[in-house]
Amino acid sequence: FRTSIVVAQGRLYSVCYPAIMWQRSKSISRIFQPTAYDPYARCTRYWTHTCVLSKADKAKLLKQRVHSNKSDYERACHLRSKRMKLLKQNLEAEKPEHHHIFTRIQYRPNFPDTYEPTDLSQCDHRPAKRPYLFSMQRTGVIAKKIGMTTLFDSKGVCHPVTILQMDNVQVVRARDTQNKRRGTFNLVLGYGSQLIRQTKWRELGTFAKFGVSPKEKLMEFQVGHNSLIKPGTEITCRHFLAGQLVDIKGVARDKGFQGVMKRWGFKGGPATHGSSKFHRRRGAMGGSTDPGRVWKGKRMPGHMGNNNFTCRNLRVFRIEPKHNLIYVVGPVPGYMDKFVRIRDCHFFPPKKPPFPTFIPDPNETELPEATEWQGLNRTNLWNRDPDRDEWGDYPVYRDLL
């Protein structure tokens, strides 16, 4: 005997038939009447259009039955997903034969033999109104945090600054594989110099291929195809302008296990008025009858620090080309003598920076003096020297004399 699914009056039935009848009905798909082996034989008046279904018809019928129990919204979502699937299949069919080989674009630029010297008079450190296009994104640099100090500007205002040093930062190689998400390319930069016996033998071939001495530290930066730089080019502190905004990324100091007041800045409990052993605790966590649990991501005591942290919108206070130093207003994450990544501020980049980087004049015999930030334009009125000649140069201020 064989068991089959039979449809009758829009219903599914499991019917048992002899093997001979199964073979005949399977071969010629004949319409048959119920037999003695049919458990529903007494309902003969409902079995005039009974037939045996194939495997594909069974699956199709079950799918329709499930689809009929869905709501209108679920049916619309199912039809929409079905259309999207068909559209995707059509697009896949229209692709060339070997499209799977070219999943990423490889770009090999023709680097010039020499770059034109940069004219700083054409550069502008003032922030732009919107971020750069990814195709015009400049490379960042590697720097080492060597300390903090305070500096006074020309008007006597004190600024706490962090000193960052750049030592023989060069472009090691330009990767020719394009990133899928942003369409940028990676530029490998190296910091300092290292002995050959202290360098990994796998990296010596890369340094020899591009004609660069072994480096102490390597980092990759995303740049646009217009900002790629020839391997071996040195990047100095004059890559940035005094007064522009930068983003600095480093590994924060490890502070160990900390409470909520230090880790998250909680207020804590009251100090007096009957408060006992509740001065630095977190308080209630909100897990009552509803929702009956603690939400994921709840700010609690735990490990603090030793993670990647980015300080944004830091002002470059001073550029010192003689010692290749960058002075940045404010703190920078990380310990002393540790490496950080400096790049143009993402949201407020400079209007006209040295592009793709600062190229010195080949006839330059002596490095220039340090350049400092002169302050915001809106505070120039209060920061001006009490000299009548200087005030008289501006017609707006001349009326105030």
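Residues numbered from 1 in each chain as written. Predicted model: local features only at pLDDT ≥ 70, side-chain atom pairs only at ≥ 80, totals over all residues. Heavy atoms only, no water.

Focus on the sheet that holds strand β9 (residues 234–235)
In space, the 4 strands of this open sheet follow the order β8-β7-β6-β9, with antiparallel pairing throughout. Pairing within the sheet leaves two strands with one partner each, and these edge strands are β8 (217–223) and β9. For strand β7 (residues 185–191) and β8, the ladder comprises 7 bridges, and the chain directions are antiparallel. Within β8, the position partnered with V188 by the bridge is E220. The sheet strands contacting helix α4 (residues 201–210) are β6 (169–174) and β8, and the helix crosses β6 at an angle near 95°. (Pairing = 2+ DSSP bridges. Helix = DSSP H or I, 4+ residues; strand = E, 2+ residues; numbered from the N terminus. Contact = heavy atoms within 4.5 Å. Axes fitted to C-alpha atoms, helices over the stretch in contact; angles between N-to-C directions.)

Section: the packing of aromatic side chains
The relation between two aromatic rings is expressed through the spacing of the ring centres and the mutual angle of the planes. Counted according to the given criterion, the structure contains 1 aromatic pair. For the cation-ring pair, R293 lies above W295, with the distance from its terminal atom to the ring centre recorded as 4.4 Å. Across the ring face of F221, the terminal group of R341 is positioned such that the distance to the ring centre comes to 4.4 Å. (Phe/Tyr/Trp six-rings, centres within 6.5 Å; stacked < 30°, edge-to-face > 60°. Lys NZ or Arg CZ within 6 Å of the ring centre and 35° of its normal.)

Description of the confidence of the model for the chain
Averaged over every residue, the pLDDT of the chain is 81; residues scoring 70 or more account for 78%. Counting contacts from residues 14–50, a segment whose pLDDT is below 50, to residues more than four positions away or on other chains yields 61 contacts. (pLDDT = per-residue confidence, 0-100.)

With respect to the pattern of salt bridges
According to the stated counting rule, one finds 9 salt bridges in the structure shown. One salt bridge in this structure joins R138 and D344, with 2.8 Å as the shortest N-O distance. In this pair, R138 sits in the loop between β3 (124–127) and β4 (141–152) while D344 sits in strand β15 (residues 339–344), placing the two residues 206 residues apart along the sequence. Here R138 falls in the buried class, since its relative accessible area comes to 4%. Overall, D344 belongs to the buried group, its relative accessible area being 9%. Put simply, D247 and R343 hold a salt bridge, and the shortest N to O gap is 3.8 Å. (Salt bridge = Lys/Arg side-chain N within 4 Å of Asp/Glu carboxyl O. Buried < 20%, exposed > 50% of the residue type's maximum accessible area, 1.4 Å probe, protein only.)

So, the environment of V340
Looking at the secondary structure, you find V340 in strand β15. Residues V340 and K145, 195 residues apart in the sequence, show an inter-C-alpha distance of 7.1 Å. What V340 contacts, discounting residues up to four positions off in sequence, is V141, I142, A143, L164, I248, K249, G250, V332 and P333.

Side note on the nonpolar core
Counting 31 residues, the largest nonpolar core has L164, M166, L189, I235, I248, I326 and I342 as its most contacted members. With near-sequence residues (within four places) excluded, I248 lies in contact with L164, F309, T310, C311, L314, V328, V332, P333, V340, R341 and I342. The next biggest cluster of nonpolar side chains, apart from the first, holds 7 residues, and it includes L151, F317, Y327 and W373. (Core = buried A, V, L, I, M, F, W, Y, C linked by side-chain atoms within 4.5 Å.)

Structural notes on the pairing of β4
Strand direction decides the pairing type here: β4 and β15, joined by 4 bridges, are antiparallel. Following the sheet pairing, V141 is matched in β15 by I342. In the sheet, β4 pairs with strand β5 (residues 158–165) via 8 bridges, with the strands oriented antiparallel. In the sheet register, F152 faces β5, and the bridge partner there is C158.

A short note on the environment of L367
Along the chain, L367 falls in the loop between β16 (350–352) and β17 (371–372). Excluding its chain neighbours within four sequence positions, the residues that come into contact with L367 are R238, P321 and K322.

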